[in-house]
There are 2 protein chains.
Amino acid sequence: MGARGRPRGFDRAAALEKAMEVFWARGYAGASMAELTEAMGINPPSLYAAFGSKEELFKEAVGLYAATDDGCTLTMLEGDLSTRDSIAAMLMASARSCMRPDKPSGCFLMLGATNGGPETDAAQAYLCDRRRDMGARIRARLARGIADGELPPGLDLDRVTAYFATVIKGMSIEARDGADMETLAGVARSAMLGWDAITSTQA
Amino acid sequence: MGARGRPRGFDRAAALEKAMEVFWARGYAGASMAELTEAMGINPPSLYAAFGSKEELFKEAVGLYAATDDGCTLTMLEGDLSTRDSIAAMLMASARSCMRPDKPSGCFLMLGATNGGPETDAAQAYLCDRRRDMGARIRARLARGIADGELPPGLDLDRVTAYFATVIKGMSIEARDGADMETLAGVARSAMLGWDAITSTQA
DNA sequence: CCCGTTTTGTAGGGATCGCTACGGAAATAA
DNA sequence: TTATTTCCGTAGCGATCCCTACAAAACGGG
């Protein structure tokens, strides 16, 4: 009785964090249950009792990542900075997020499930949705820039959104290929150098 | 006697092309031997006799891809165009390469082996080397631009190279997320809008 | 026609995959 | 202490992984 809400014998949050790091480094398909249980310090039955399945564990890990390691990236869009400074800050935050010490290089949302067999489709779709959501937030910030008079009405929001989303996505692969923080920061700065032309209706 | 150089009973080149498409769509780890042999129209023993192992088949498939579907991307750097036009043409070629009809979206070199367990390390490293080679070619083209007087001496070649490499890499994820050709073309154009500032020593 | 060589197809080996049934330990209450 | 409940660790499920041993079929020369 009352066993449902009873606290488990192990630290669920800590175990989830460990699982996140394994998924982050290996990807959904590449992370085996053996490696996950080993890193989490629990046995398979405990994992399934607490998280249901590998897929649900993955989704929870993605949620944790978005709320912690990748949290600052999108929050940069919600402050009082100008539109331009917001985007620049987002790019820099993304670069930093790709290069956390003692963590896998690159963004989990970008690299966590890029390919695989049919059993990975759900994980891929889930990450794809997350990335689409990221794009929607960038677009919303740009739209606010138009409303605030910082950007011209009639600006092609889809194009500008796709450009900055592409830069962020590319940084993750660049990071996993071994780029250092200075390199990624240079990419972020370079991507902003065409701001005036990019956010023009002439483009 | 003379069996070594004897032509095999099936079309090796056609089978390799089919294998390339499976690897391209599924990634190294996600492509099972069952799916590969099915697509290639041969049985496992024939595959191993002709290609040696899954890993060697993958490397041959990557080589074929680089020589065909992705061939035009880097050849854009070797023509008579100005440095600026060469880079712009490369970006557009890359966008087109990510959106070939009846082929998987995104570049095989970017998405073919992003993550996985230890058994995928060799494939990952192989693709990473290919990407590094791509960066080296971009850098060489920029260096030629300096030699030709089109770009300023003292330009930070590493930064500019990393920027354009990042855009190309990002386009592949963008493509796999469902972007259309118009979107990728807009990204390519946007990425060039800051050219003068990006290729300045002041940046 | 028969034989020797090559290629193909079947069937399966050894390992690992995600996942779960079950028996014993620990904890709680009387 | 005993009875009962809750949890955990071992062991193993069926399926699939990459790869290969073996035998039947196809080919070419006498």
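Everything below is about the structure printed above this text.
What this report covers is the structure whose coordinates are included nearby. Residue numbering note: each chain is counted from 1, following its sequence as written. Chains carry letters from A onward and ligands carry numbers from 1 onward, assigned in written order. pLDDT decides what is reported in this predicted model: residues at 70 or higher carry local features, side-chain atom pairs at 80 or more are listed and counted, and totals for whole chains, interfaces and linings draw on all residues regardless. Side-chain numbers here rest on the full set of heavy atoms in the structure, without hydrogens or water.

### Describing the environment of N115 of chain A
Then comes step 1: Only runs of H or I of at least four residues qualify as helices and only runs of E of at least two qualify as strands under DSSP, and these elements are numbered from the N terminus. With respect to the secondary-structure elements, N115 of chain A resides in the loop between α7 (108–111) and α8 (121–147).
Then comes step 2: Along the sequence, N115 of chain A and M33 of chain A sit 82 residues apart, while their C-alpha atoms lie 19 Å from each other.

### Here we look at the interface of chain A and chain B
Then comes step 1: Contacts between chain A and chain B engage 40 residues on the former and 40 residues on the latter.
Then comes step 2: Once two parts are put together, the accessible area they lose, assessed with a 1.4 Å probe and summed over both, is termed the buried area. Taken over both partners, the interface formed by chain A and chain B buries close to 3300 Å², and the fraction arising from carbon and sulfur atoms is 57%.
Then comes step 3: Each salt bridge in this description consists of a side-chain nitrogen of Lys or Arg and a carboxyl oxygen of Asp or Glu lying within 4 Å of one another. Summed over the shared surface of chain A and chain B, the number is six salt bridges.
Then comes step 4: For the salt bridge of K169 of chain B with D177 of chain A, the shortest nitrogen-to-oxygen distance reads 2.9 Å.
Then comes step 5: Here a polar contact is recorded for every N or O atom pair within 3.5 Å, except that within protein the pair must consist of a potential hydrogen donor and a potential acceptor, and residues adjacent in sequence are included only if both atoms are side-chain atoms. Between the two partners, chain A and chain B, sit 16 residue pairs in polar contact (both at pLDDT 80 or more).
Then comes step 6: Considering each element in turn, the side of chain A that touches chain B owes the most residues, 12 residues, to helix α9 (residues 157–176) of chain A.
Then comes step 7: Only Asp, Glu, Lys and Arg are considered charged in this grouping, and only Ala, Val, Leu, Ile, Met, Phe, Trp, Tyr, Cys and Pro are considered nonpolar; every other residue, Gly among them, is considered polar. Residues of the side of chain A that touches chain B, tallied by class, amount to 18 nonpolar, 13 polar and nine charged. We call two residues contacting when some pair of their heavy atoms lies within 4.5 Å.

### Things to note about the packing of helix α9 (residues 157–176) of chain B against helix α10 (residues 181–192) of chain B
Residues and elements named next belong to chain B.
Then comes step 1: For helices, the axis comes from a line fit to the C-alpha atoms of the stretch in contact; other axes are also lines fit to C-alpha atoms, and the angle between any two N-to-C directions lies between 0 and 180 degrees. Here α9 crosses α10 at 165 degrees, and the two axes come no closer than 11 Å. In terms of their interaxial angle, α9 and α10 are classed as roughly antiparallel. Pair α9 / α10 crosses with right-handed handedness. When α9 is examined against α10, the residues Y163, F164, V167, M171, E174 and A175 are found in contact with a partner set consisting of L184, V187, A191 and M192.
Then comes step 2: Partitioning the contact of α9 with α10 into residue classes produces nine nonpolar, no polar and one charged. Every angle not falling under 35 degrees, over 145, or within 65 to 115 is termed oblique; those three ranges are roughly parallel, roughly antiparallel and roughly perpendicular. When the near helix sits turned anticlockwise from the far one by under a right angle, the crossing is termed left-handed; a clockwise turn instead gives a right-handed crossing.

### Remarks on the pattern of salt bridges
Oppositely charged side chains are able to pair whenever their charged atoms sit close together.
Residues and elements named next belong to chain A.
Then comes step 1: Under the counting rule described, the total for this entry stands at 26 salt bridges over all chains.
Then comes step 2: Between R12 and E60 there is a salt bridge, and its shortest N-O distance comes to 2.8 Å. A residue pair is termed long-range when its members are at least 10 positions apart, and R12 in helix α1 (residues 12–26) and E60 in helix α4 (residues 54–67) qualify at 48 residues.
Then comes step 3: We classify R12 as partly exposed; its relative accessible area is 31%. For every residue, the accessible area (1.4 Å probe, protein chains only) is compared with the maximum for its type, and the residue is labelled buried under 20%, exposed over 50%, or partly exposed between those bounds.

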